[in-house]
Amino acid sequence: MRRFFAVVSLWALLSSQLFAQNPEPLLGFTAQASTDQRSWEQKFKAIPSPKLMRDYMQRLSARPHHVGSPYDKDNAEWILKQLQTFGWDAHIEQFDVLFPTPKLRLLEMTEPLRFTAKLEEPALPNDPTTSQKSEQLPTYNAYSPDGDVTAPLIFVNYGLPADYEELERLGVSAKGAIVIAKYGNSWRGVKPRVAWEHGAIGCLIYSDPADDGYAEDRTFPDGPMRPKDGVQRGSVMDFPHAHPGDPLTPGIGAVPGAKRLDIKDAKNLAPIPTLPISYGDAQPLLAALTGPLAPATWRGALPITYHVGPGTAKVHLKLTFDWQLHPVYDVIAKLAGSSESDQWVVRGNHHDAWVNGAEDPVSGQMSLLEEARALGEIYKLGWRPKRTIIYAAWDGEEPMLLGSTEWGEQHAAELQKHAVAYVNTDGNGRGYLQAEGAHSLEALVNAVARDVDDPEANISVWKRSQAARIHAATTNDERNQLRGRADWKLDPLGSGTDYTVFEHHLGVPSLNLSFDGEDDGGIYHSIYDDFYWYTHFSDTDFVYGRALAQTVGLTVMRLADADVLPYRFTNLADAVNDYLKEVQNLLKQQQDKVKETNAELNDGVYHAINDPRRPTVAPKEESVPPYINFAPLQNAADALAKAADHYNRSLAKALNSNPDSTKLAALNARLQSAEQQLLNPDGLPTRPYYKHMLYAPGLYTGYSPKTVSGIRESIELKDYKLAESEVPRVAKAVSDEAAFVDSIATELEK
Ligand SMILES: [Zn+2]
């Protein structure tokens, strides 16, 4: 619409006045309902208070509050009381989950010289909460197994599959070794998993100063980055290959009396002993390595020459854990809907942290609380959401989405019947709106973002995010699309936060929202993620906290109030089309790469370029990947695009013609299950927990998504037969969605 105005100026002149009085109706609302909605939204937006958010942060991050700690429970009870004071019907739901904590951690180098790692983050004199030693969890990786191993050390870059291919070329094997990997570029649990696949018996993960230390900015407390002894705690659960949540109750809620597995039968524990360390502890270990030089792209910012090893360096790693069940306390609050109360809009952010967790998770939790307060305020003024709103403060997210997963599993049937969307946040910073989610919600998020002001630039958060995207784009195609398309695209959902059970397991369309890009830091999961750090280096005046509360609050309100659920399937059809093109390109690239490698092998290129002083091993000849028949998916994608267009036309007509509210309610009752058409009850190949055929956490990325994973990841793993057999399964999900959307479009026309 805006581009059209720019070109046809007369029309712009005539219509701008008309439109000022009658702005375009909101997505899913009639014209009259839009006017009412906008007026409630104005009232809502004025309420969230930076001052109160600062107070909430100070209170919630005052002491360490990990799962099982006294202050975790104290926070849950405090949040409960707040939500009740805001006028919500709130309670705590408890689950009992397996959460190991360290009993013994020992890391020492025994050869060529002796060194014992400190494994300790020092308190800082100016930062009061860093000295709460008796309540802090030691630095460790949760769900590492117990172990006592001594072995040669090798450096494996980020510890991902491509790094081991490179090691093989250098003639170095991980078999029987302890590996040391850099943090970053994947879910940390991927690192021990891949190390184990290559025969390693132990895994160390360290934060290189090139990634979040002194190479980026000054270190804490002089700057925001990771100090020498700072350590990233974190879970190494192998959730991508198995499932998130309590290891002992896969697929069911961990309630009293639930059937629990023996620990030895749990499927999502890390396979080898794993320990995170600081760069202070890593440096002597890395400096002791000899063997081939590390490839240029592997080297970090430590003042050493990076070798891959093995050399003579030998390390001893001993870990034992206390394998106990601990309670998690989810705070669940409801604001009852009026006319369509059996439809639920669910919104969550976790409250547990690794230590004090001012940024992660409190910076998101404080916005959630201000949204809840603001919704409670306008409720008192007479606003009545059509649908029921459920606010959730999850516990146990850090160990691996324990509170949200157990709650989702416990209420699976109800959620699939009632939930219309799940909106997640997990902390907040400064900068540009980041939005990941189900593509049926893409138009909604874009519309909301146009109606929220950016606190720094004098433009909407939509416009600022568009500008950042244009500037970061790497191709002309991308830039043209960003300038010409009405909506910028949502990134698909990966994992590592609480939406997974909703989107990937249950098919509830989900979103994950935050502001970032101007808030670099190196305090993630350390004792330095605290009130002092946040109020010196992040959103120090809490204005992005307010922007997040406004963005999420408006999203929740539109989902709760729309006459017709605000899904737009043309955006989904576009996403499917993108994924189809991407997997076709991926296959072609893989074919070209194998052809080229084989040609170079046959032409003696590897032999010719080998440096006898730094020898490398030539890759093996491979057979060229076969062609795959993508036709079923092409046809399904076309059908979805057509059905989605049909739906848009029917909806516009229906909303323009004074629709009957009972008829619309009946329609919404059907529409609620739209996302579930994309599930397959058997799930993805090798991991049945993940039932969504379009979105999944990557097997070897974890945080980052792999879309159409059955096809894409099978191609990446060179299982072309499996990829070919996955095409019809993905196609079926897409054509089921197409038929579903088309049938609703037809119904709308009646
Ligand atoms: Zn978090």
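Refer to the preceding data block for the structure.
Here we look at the overall build of the protein
Working step 1: Within the protein, the regular secondary structure consists of 25 helices and 16 strands.
Working step 2: A globule of 750 residues ought to have a C-alpha radius of gyration of about 27 Å, and the protein, at 26 Å, matches this closely.
Working step 3: For the protein, the spread of C-alpha atoms along the three principal axes comes to 80 × 65 × 55 Å.
Working step 4: Across the 750 residues in the protein, those meeting the buried criterion constitute 59%.
Working step 5: Taking the contacts inside the protein whose residues are at least 6 apart along the sequence as the reference set, 79% of them involve residues at least 24 apart.
Working step 6: Split by element, the accessible area of the protein, about 28,800 Å² in all, is 52% carbon and sulfur.
Working step 7: For the protein, the distance from the average site of its 74 positive side-chain charges to the average site of its 99 negative ones is 2 Å.

Points about the coordination of the zinc ion
Working step 1: Protein ligation of the zinc ion involves His350 (NE2), Asp360 (OD) and Asp426 (OD), the donor distances falling in the range 1.9 to 2.0 Å.
Working step 2: Classification of His350 as buried rests on a relative accessible area of 0%.

Focus on the nonpolar core
Working step 1: Ranked by internal contacts, the top residues of the largest apolar core, which has 225 residues, are Leu83, Trp88, Tyr206, Leu286, Leu375 and Tyr647.
Working step 2: In terms of residue count, the dominant contributor to this core is helix 25 (residues 720–749) (13 residues).

A closer look at the packing of aromatic side chains
By convention here, two paired aromatic rings are described through the distance between centres and the angle between planes.
Working step 1: Summed over all chains, the structure comprises 25 aromatic pairs.
Working step 2: Taking the centre distance of 5.4 Å and the plane angle of 55° together, the rings of Trp394 and Trp407 count as tilted. Of the two residues, Trp394 is situated in strand 13 (residues 387–394) and Trp407 in helix 12 (residues 402–410); the sequence distance between them amounts to 13 residues.
Working step 3: By the ring-pair criterion, three or more aromatic residues cluster together here, those being Phe99, Tyr140, Phe321, Trp323 and Trp354.
Working step 4: One Lys or Arg, Arg384, reaches over the ring of Tyr379 and ends 3.8 Å from the middle of that ring.

Some points on the side chain of Ser61
Working step 1: Here Ser61 is to be found in the loop between helix 4 (50–60) and helix 5 (70–85).
Working step 2: Apart from residues lying up to four places away in sequence, Ser61 is in contact with Thr129, Asn356, Ala358, Val362 and Phe531.

Observations concerning the sheet that holds strand 12 (residues 340–350)
Working step 1: On the basis of which strands lie adjacent, the open sheet formed by 7 strands has the order 1-11-13-12-14-16-15 and mixed pairing. In this open sheet, the two edge strands, each paired with only one partner strand, are strand 1 (89–98) and strand 15 (431–437). When strand polarity is set aside, the average angle formed by the axes of neighbouring strands in this sheet is 20°.
Working step 2: Judged from the 5 bridges that link them, strand 12 and strand 14 (residues 419–424) form a sheet pairing that is parallel. Of the residues in strand 14, the one forming a bridge with Gly348 is Asn424.
Working step 3: In the packing of helix 10 (residues 358–380) onto the sheet, contacts are made with strand 11 (325–335), strand 12 and strand 13, and the angle to strand 12 comes to roughly 150°.
Working step 4: Packing of helix 12 onto the sheet brings it into contact with strand 1, strand 11, strand 12 and strand 13, and relative to strand 1 it is tilted by some 105°.

Some words on the sheet that holds strand 10 (residues 314–322)
Working step 1: With mixed pairing, the 7 strands of this open sheet are ordered in space as 3-2-10-5-6-7-9. Unpaired on one side and paired on the other, strand 3 (115–116) and strand 9 (274–277) mark the two borders of the sheet.
Working step 2: Pairing between strand 5 (residues 147–155) and strand 10: 6 bridges, direction antiparallel. Bridging across to strand 10, Ala151 finds its partner in Val315.
Working step 3: Across the face of the sheet, helix 7 (residues 190–197) comes into contact with strand 6 (178–182), strand 7 (202–206) and strand 9 while running at roughly 145° to strand 7.

Some thoughts on the packing of helix 5 against helix 10
Working step 1: Relative orientation of the contacting elements helix 5 and helix 10 amounts to 25°, with a least axis distance of 9 Å. Looking at the two axes, helix 5 sits roughly parallel to helix 10. In terms of crossing hand, the pair formed by helix 5 and helix 10 is right-handed. Across from Trp78, Ile79, Gln82 and Leu83 in helix 5, the residues of helix 10 making contact are Gln365, Leu369 and Ala372.
Working step 2: Of the residues belonging to the contact of helix 5 with helix 10, the class tally is 5 nonpolar, 2 polar and no charged.

Some details on the packing of helix 20 (residues 569–602) against helix 25
Working step 1: Packing of helix 20 against helix 25 brings their axes to within 12 Å, and their N-to-C directions diverge by 165°. For the element pair helix 20 / helix 25, the angle class is roughly antiparallel. Between helix 20 and helix 25 lies a crossing whose hand is left-handed. When helix 20 is examined against helix 25, the residues Phe569, Leu572, Val576, Leu587 and Gln590 are found in contact with a partner set consisting of Tyr720, Val734, Glu737 and Val741.
Working step 2: Per-class residue counts for the contact of helix 20 with helix 25 are 7 nonpolar, 1 polar and 1 charged.

Overview of the pattern of salt bridges
Working step 1: Under the defined criterion, the tally for this structure stands at 40 salt bridges.
Working step 2: Here Arg430 ties to Glu518 by a salt bridge, and the two come within 3.7 Å at their closest N and O atoms. Note that Arg430 is positioned in the loop between strand 14 and strand 15 and Glu518 in the loop between strand 16 (510–517) and helix 18 (531–537), a separation of 88 residues in sequence.
Working step 3: Overall, the relative accessible area of 21% leaves Glu518 in the partly exposed class.
Working step 4: A salt bridge links Asp487 to Arg450; the nearest nitrogen and oxygen atoms lie 3.7 Å apart. Here Arg450 lies in helix 14 (residues 442–450) and Asp487 lies in the loop between helix 16 (476–484) and helix 17 (500–506), a separation of 37 residues in the sequence.
Working step 5: Among the residues examined, Asp487 registers a relative accessible area of 10% and is labelled buried.
Working step 6: What makes Arg450 partly exposed here is its relative accessible area of 26%.
Working step 7: Put simply, Arg430, Asp454, Glu456, Arg464 and Glu518 are held in one network by salt bridges that share partners.

With respect to the environment of Val624
Working step 1: With respect to the secondary-structure elements, Val624 resides in the loop between helix 21 (605–609) and helix 22 (631–656).
Working step 2: Residues Val624 and Glu436 lie 188 residues apart in sequence; the distance between their C-alpha atoms is 35 Å.
Working step 3: The contacts of Val624, once residues within four sequence positions are left out, are Gln591, Val594, Lys595 and Asn598.

Quick look at helix 5
Working step 1: Taking 1.5 Å as the rise per residue, helix 5 with 16 residues should run 22 Å; its terminal C-alpha atoms sit 23 Å apart, in good agreement.
Working step 2: All of the buried residues in helix 5 are Tyr71, Asp72, Asn75, Ala76, Trp78, Ile79, Leu80, Gln82 and Leu83.
Working step 3: Buried-residue contacts for helix 5 involve helix 4, strand 1, strand 11, helix 10 and strand 13.
Working step 4: In the segment just after helix 5, Gly87 is the residue with positive phi, at about 100°.

Scoring rules and cut-offs
- Residues numbered from 1 in each chain as written.
- Predicted model: local features only at pLDDT ≥ 70, side-chain atom pairs only at ≥ 80, totals over all residues.
- Heavy atoms only, no water.
- Helix = DSSP H or I, 4+ residues; strand = E, 2+ residues; numbered from the N terminus.
- Rg over C-alpha atoms; globule rule 2.2 N^0.38 Å.
- Buried < 20%, exposed > 50% of the residue type's maximum accessible area, 1.4 Å probe, protein only.
- Contact = heavy atoms within 4.5 Å.
- Areas by Shrake-Rupley, 256 points an atom, 1.4 Å probe, with all protein chains shown as cover.
- Lys, Arg positive; Asp, Glu negative; His and termini not counted.
- Charge placed at Lys NZ, Arg CZ, Asp CG, Glu CD.
- Donors = N, O, S within 2.8 Å, 3.2 Å for Na, K, Ca; no water.
- Core = buried A, V, L, I, M, F, W, Y, C linked by side-chain atoms within 4.5 Å.
- Phe/Tyr/Trp six-rings, centres within 6.5 Å; stacked < 30°, edge-to-face > 60°.
- Lys NZ or Arg CZ within 6 Å of the ring centre and 35° of its normal.
- Pairing = 2+ DSSP bridges.
- Axes fitted to C-alpha atoms, helices over the stretch in contact; angles between N-to-C directions.
- Parallel < 35°, antiparallel > 145°, perpendicular 65-115°, else oblique.
- Left-handed = near helix turned anticlockwise from the far one by under 90°.
- Nonpolar A, V, L, I, M, F, W, Y, C, P; charged D, E, K, R; others polar.
- Salt bridge = Lys/Arg side-chain N within 4 Å of Asp/Glu carboxyl O.
- Expected span 1.5 Å × (residues − 1).

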